[in-house]
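Each chain, letter by letter, is given below.
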Amino acid sequence: MQAFFDSIMGKSVMGILAVIILFLAVGIGNSRKRFNTKVLVYSAVALALGTALSFVKIPIPTLFPLVNGGSATLLSMLMVVLIGYWFGPVQGLLSAMTYGLLQLILGPYVIHPVQLIFDYILAFGMLGLSGFFRKGKYSLTIGYLVAVSGRFVFAFLSGYIFFGEYAPEGIGPIFYSAYYNLSYLVPEAVITIALLMLPPVRSAIKQVGKAAMN
């Protein structure tokens, strides 16, 4: 399977699928043509920013190397979470799955079909859960925490089921998978939440959201 996703054909198929899902998300999310166009543009820009920021790695000391992928990045998850926060859960969940497919194109690590679904579709897709938390002063922060927690659940299950054998001697697969995934999700979440607690940042995000909705 890895060979397919490393190939030009595999990347092309995933790219086409990502575009289809993104357009489907916009079509389902709202039926007004002008609004849909604006939603598509803002969603695409957020996904592009999230993808670009996923390459900005934050060095985090760990007990053992993260050899199977996963690393703390600079606000990449926030960019995806914002789509759900601005446009609702349907747009958020489907756009987040699109982001997962983009990650699959750029850095695939596939050993089993179910692992692919867990790591790239469901784990990243959970970032769209922010769409259920759109009201209240700290709704974005709450939505972000729920979204990242959802990503952790599926990343943990994938790590336990498919990568537990890579646990260092003396470390159980449950602890290995939990520590492995928390070691990069928590630092990025802490940095992001600290930023979201700043009133100017929250205000700027809301203003962009209003511009997207009008």
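Cut-off values and rules
Residues numbered from 1 in each chain as written. Predicted model: local features only at pLDDT ≥ 70, side-chain atom pairs only at ≥ 80, totals over all residues. Heavy atoms only, no water. Phe/Tyr/Trp six-rings, centres within 6.5 Å; stacked < 30°, edge-to-face > 60°. Buried < 20%, exposed > 50% of the residue type's maximum accessible area, 1.4 Å probe, protein only. 1 Å grid on protein atoms, 1.4 Å probe; cavity = no way out; pocket = protein on both sides within 12 Å on 5 of 7 lines; lining within 4 Å. Points joined across faces, edges and corners; volume = space filled by probe spheres on them. Helix = DSSP H or I, 4+ residues; strand = E, 2+ residues; numbered from the N terminus. Nonpolar A, V, L, I, M, F, W, Y, C, P; charged D, E, K, R; others polar. Axes fitted to C-alpha atoms, helices over the stretch in contact; angles between N-to-C directions. Left-handed = near helix turned anticlockwise from the far one by under 90°. Contact = heavy atoms within 4.5 Å. Core = buried A, V, L, I, M, F, W, Y, C linked by side-chain atoms within 4.5 Å.

(A) Inspection of the packing of aromatic side chains at higher detail. Per the counting criterion, the structure on display carries twelve aromatic pairs. Seen in terms of ring centroids, Trp86 and Phe87 are 6.2 Å apart; in terms of plane orientation they differ by 70 degrees. Their pairing is edge-to-face. Of the two residues, Trp86 and Phe87, neither departs from the other in class, the shared state being buried. Ring pairs connect the aromatic residues Tyr42, Trp86 and Phe87, which therefore count as one cluster.

(B) The arrangement of the layout of surface pockets in detail. Taken as a whole, the second largest pocket holds about 170 Å³ of empty space. Lining the second largest pocket are Tyr85, Trp86, Arg134, Ile205, Lys206, Gly209, Lys210 and Met213. Secondary-structure elements contributing two or more residues to the lining of the second largest pocket are α4 (76-87) and α9 (199-213). Here the lining of the second largest pocket takes five residues from α9, the largest share from any one element. Its residues assigned to classes, the lining of the second largest pocket comprises four nonpolar, one polar and three charged.

(C) Just empty space enclosed by the protein, in detail. Tallied over the entire structure, the rule returns one cavity of 30 Å³ or more. Roughly 40 Å³ of volume is contained in the largest cavity. Forming the boundary of the largest cavity are Tyr85, Gly136, Lys137, Tyr138, Ser139, Leu140, Arg202 and Lys206. Breaking the lining of the largest cavity down by element, the ones donating at least two residues are α7 (139-162) and α9. Here the lining of the largest cavity is composed, by residue class, of three nonpolar, two polar and three charged.

(D) Expanded view of the packing of α4 against helix α8 (residues 173-196). Relative orientation of the contacting elements α4 and α8 amounts to 60 degrees, with a least axis distance of 9 Å. The handedness of the crossing between α4 and α8 comes out as right-handed. The residues of α8 that touch α4, namely those facing Ser76, Met77 and Leu78, are Leu185, Glu188, Thr192 and Leu196.

(E) A look at the nonpolar core. Counting 50 residues, the largest nonpolar core has Leu82, Leu104, Leu127 and Tyr144 as the members making the most contacts within it. Considering each element in turn, this core owes the most residues, ten residues, to α4. Judged by nonpolar contacts, the second largest core, of five residues, contains Phe118, Met126, Leu129 and Phe154.

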